[in-house]
Amino acid sequence: MTTAMGAALRRIQLGNALSAFGNGFTVPFLFIYVSQVRDLGAGTAGMVLMTFAVSALVVLPFVGRAIDRRGPLPVAVVGTVSAAVGSMGMGLASTESLVFAAAAALGAGIAVIQPTLATMIVWCSTPTTRSRAFAMQFFLNNLGLGLGGLLGGQLVDTSDPGSFVRLFAIESVMFLVLGAAVATVRLPKAPKVEDAVPTDEGAKGGWRTLLGDRAMVQLCVLGFVMFFACYGQFESGLAAFAVEVTRISPATLGIALAANTAAIVLAQFVVLKLVEGHRRSRVMALVGVIWTVAWVAAGVSGLIPGAHGVATALLISTYALFGIGESMLSPTVAPLVADLAPARLVGQYNSAFALVKQLALAIGPAVGGLMAGGGLYVAYIAMVIACSLAITALALRLGRRLTPEQDNPLLAKAQRRAKPSEERTAVPA
């Protein structure tokens, strides 16, 4: 990695961390804000959360082509401005129509930001440094969200709407800081994307190319199952199971969520050193095994109500194990998306994978919530265990389609270096 690439990457990562910090001020309190502080009711609050997902699903199919035609910088700036306007609008809105309009702008802005940042990280890294770059982004995201949520909890007052206006104002400013950071960065051309300077002709046929790429399609299917079985259950099925079946208090549920964040923050770089020496497909397969153990622990926690301390420990362990799995995926999945993409379609591939993630995050809570609402907890645990096992099977199947460079660039590079050495030292028969 060149000095220019490193400087650009540091600026992007700093802006990303600050925006995550601002996001943390509002995310934990959004439902309470809409339903109680603005007195619009729980139903409206639920629809607002759905609006975030719908607006993201509407814009994401077009974001990839815009990135590949115009470049990630202008698209990212548009996303940050939309998110900033939506965030500030959310803080000032007092009617249903204004809240929905603000939620649409905020959701669309965040949806645009995600693949543009991923594309910029690809441009500022090489195949051998990309895993570490994405791991750092994931680490800073979680650290920023955690710190923002912690400070936001100290500032918020449900009896004072003005305290929420301050929270949304902080989030809005942080989005603008991210916009300023990416607008002033000088993007180098990494070897992987040396021909990715956007042109109208180069970006045509993006979806056709992507859908014809069997490895990418398999990765998208795998990604959907991953996000459905983990992220899509945190605020719906798993939370309901913890409260209704394991019988933990909401305060203890907060501790479990903190354990998830702590596991990510503490384990990220330890895990990174371990996964860098192994094939990406095998790492993803191992995540499926870890999440299977996590869901089994959650299920067992609901079978021992008499031993409340043990049940609580098992439930907290579930969230911590999910965090360890997430820390293994951060240096694995996003770099693999980049390495599968043709140089001219990096934005398209990143946007498509973000769309798959958003679909899973929309469908996962709905399925989990419906099953929890119907009391189908045994079937629910069986379903998510089956999904976790499917992650392992799908990852191993994907591994058979990947080249050595795609499955682990560092390992492939080491093997190429070792091969000439072995040939030089070989003794003729």
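From a predicted model like this one, the values you see are computed outputs, not experimental measurements.

Caption draft 1: Representation of the overall build of the protein chain. Within the protein chain, the regular secondary structure consists of 18 helices and zero strands. The globule rule puts the C-alpha radius of gyration for 429 residues at 22 Å, and the 22 Å found for the protein chain is close to it. With the C-alpha coordinates aligned to their principal axes, the bounding extent of the protein chain is approximately 80 × 50 × 35 Å. Considering the protein chain as a whole, with its 429 residues, one finds that 52% of them fall into the buried category. Taking the intrachain contacts of the protein chain between residues at least 6 apart in sequence as the baseline, contacts between residues at least 24 apart amount to 86%. Taken together, the 30 basic and 20 acidic charged side chains of the protein chain have centroids lying 8 Å from each other.

Caption draft 2: Seen up close, helix α14 (residues 333-340). Most of α14 sits out of view: seven of its eight residues are buried. Buried residues of α14: V333, P335, L336, V337, A338, D339 and L340, and no others.

Caption draft 3: Region of the structure containing a positive patch on the surface. Taken together, the side chains of R214, R397, R400 and R401 present a region of like positive charge at the surface. The residue R401 is located in the loop between α16 (377-399) and α17 (404-407) in this model.

Caption draft 4: Just the environment of R280, in detail. By the secondary structure assignment, R280 is in helix α12 (residues 280-301). Spatially, the C-alpha atom of R280 lies 8.2 Å from that of Q406, the residues being 126 residues apart in sequence. Here R280 is in contact with P127, S131, T332, P335, L336, D339, Q406, D407 and P409, once residues within four sequence places are set aside.

Caption draft 5: Quick peek at the pattern of salt bridges. Within this structure, the stated rule accounts for five salt bridges. A salt bridge links R130 to D339; its shortest N-O distance comes to 2.7 Å. One end of the pair, R130, is in helix α6 (residues 130-155); the other, D339, is in helix α14, with 209 residues separating them in the sequence. Each member of the pair, R130 together with D339, is buried. Of the charged contacts, one joins D339 and R280 as a salt bridge, the two residues approaching to 2.9 Å between their closest N and O atoms. Residue D339 is found in helix α14, and its partner R280 is found in helix α12; the two are separated by 59 residues along the sequence. Taken as a pair, D339 and R280 share a single burial class, namely buried. By sharing partners, the salt bridges in this structure join R130, R280 and D339 into a single network.

Caption draft 6: Structural context of the packing of α14 against helix α15 (residues 346-373). Contact geometry of α14 with α15 gives a least axis separation of 8 Å together with a crossing angle of 140°. The orientation of α14 with respect to α15, classified from their angle, is oblique. The hand of the α14/α15 crossing is right-handed. Each of V333, V337 and L340 in α14 lies in contact with α15, whose residues at this interface are Y349, N350 and F353.

Caption draft 7: Examining the side chain of S330 more closely. Tracing the chain through its elements places S330 in the loop between α13 (308-329) and α14. Note on S330: relative accessible area 9%, which makes it buried. A distance of 2.9 Å separates the side chain of S330 from the side chain of Q268, its partner in a polar contact. Aside from chain neighbours lying at most four places away, what touches S330 is F134, A135, F138, Q268 and P335.

Caption draft 8: Here's a closer look at the nonpolar core. The biggest cluster of nonpolar side chains holds 103 residues, and the ones touching the most others in it are M90, M216, L219, M284, W291 and W295. Among the elements that take part in this core, helix α5 (residues 96-123) stands out by supplying eleven residues, more than any other. Not counting chain neighbours up to four residues away, the residues in contact with W291 comprise M226, C230, L321, F322, G325, E326, L329, S388 and I391. The next biggest cluster of nonpolar side chains, apart from the first, holds five residues, and it includes A56, A111, A354 and L355.

Caption draft 9: Just the packing of α5 against α6, in detail. Viewed as axis vectors pointing N to C, α5 and α6 meet at an angle of 145°, and their least axial separation amounts to 10 Å. As α5 runs across α6, the sense of the crossing is right-handed. Residues L117, A118, I121 and V122 of α5 touch α6, and the partners they reach there are R130, A133, F134 and Q137. Class assignment of the residues belonging to the contact of α5 with α6 gives a composition of six nonpolar, one polar and one charged.

Caption draft 10: Spatial organisation of the packing of aromatic side chains. Applying the stated rule across the entire model yields eleven aromatic pairs. Ring geometry for Y33 against F168: centres 5.0 Å apart, planes inclined by 55°, an arrangement best described as tilted. Of this pair, Y33 sits in helix α2 (residues 30-37) while F168 is found in helix α7 (residues 161-183), placing the two residues 135 residues apart along the sequence. Both residues of the pair, Y33 and F168, count as buried. Residues W291 and F322 carry aromatic rings whose centres are separated by 5.7 Å and whose planes lie at 65° to one another, so their mutual orientation is edge-to-face. Residue W291 is located in helix α12, and its partner F322 is located in helix α13; the two are separated by 31 residues in the primary sequence. The same class applies to W291 as to F322, namely buried. Sitting over the face of the ring of Y231, K357 holds its NZ or CZ atom 5.8 Å from the ring centroid.

Caption draft 11: Region of the structure containing α12. The terminal C-alpha atoms of α12 lie 32 Å apart, and with 22 residues this matches the ideal 32 Å at 1.5 Å per residue to within 8%. Counted residue by residue, α12 has 16 buried out of 22 residues, so it is predominantly covered.

Caption draft 12: The confidence of the model for the protein chain, seen in detail. Of the residues in the protein chain, 91% have a pLDDT of 70 or more, and the chain-wide mean is 86. In the model, residues 190-203 has pLDDT below 50 throughout and makes 35 contacts with residues more than four positions away in sequence or in other chains.

Reading the values: the criteria
Residues numbered from 1 in each chain as written. Predicted model: local features only at pLDDT ≥ 70, side-chain atom pairs only at ≥ 80, totals over all residues. Heavy atoms only, no water. Helix = DSSP H or I, 4+ residues; strand = E, 2+ residues; numbered from the N terminus. Rg over C-alpha atoms; globule rule 2.2 N^0.38 Å. Buried < 20%, exposed > 50% of the residue type's maximum accessible area, 1.4 Å probe, protein only. Contact = heavy atoms within 4.5 Å. Lys, Arg positive; Asp, Glu negative; His and termini not counted. Charge placed at Lys NZ, Arg CZ, Asp CG, Glu CD. Patch = residues over 30% accessible without salt bridge, like charges linked within 9 Å, V, L, I, M, F, W, Y side chains within 5 Å. Areas by Shrake-Rupley, 256 points an atom, 1.4 Å probe, with all protein chains shown as cover. Salt bridge = Lys/Arg side-chain N within 4 Å of Asp/Glu carboxyl O. Axes fitted to C-alpha atoms, helices over the stretch in contact; angles between N-to-C directions. Parallel < 35°, antiparallel > 145°, perpendicular 65-115°, else oblique. Left-handed = near helix turned anticlockwise from the far one by under 90°. Polar contact = N/O pair within 3.5 Å; in protein donor to acceptor, adjacent residues only side chain to side chain. Core = buried A, V, L, I, M, F, W, Y, C linked by side-chain atoms within 4.5 Å. Nonpolar A, V, L, I, M, F, W, Y, C, P; charged D, E, K, R; others polar. Phe/Tyr/Trp six-rings, centres within 6.5 Å; stacked < 30°, edge-to-face > 60°. Lys NZ or Arg CZ within 6 Å of the ring centre and 35° of its normal. Expected span 1.5 Å × (residues − 1). pLDDT = per-residue confidence, 0-100.

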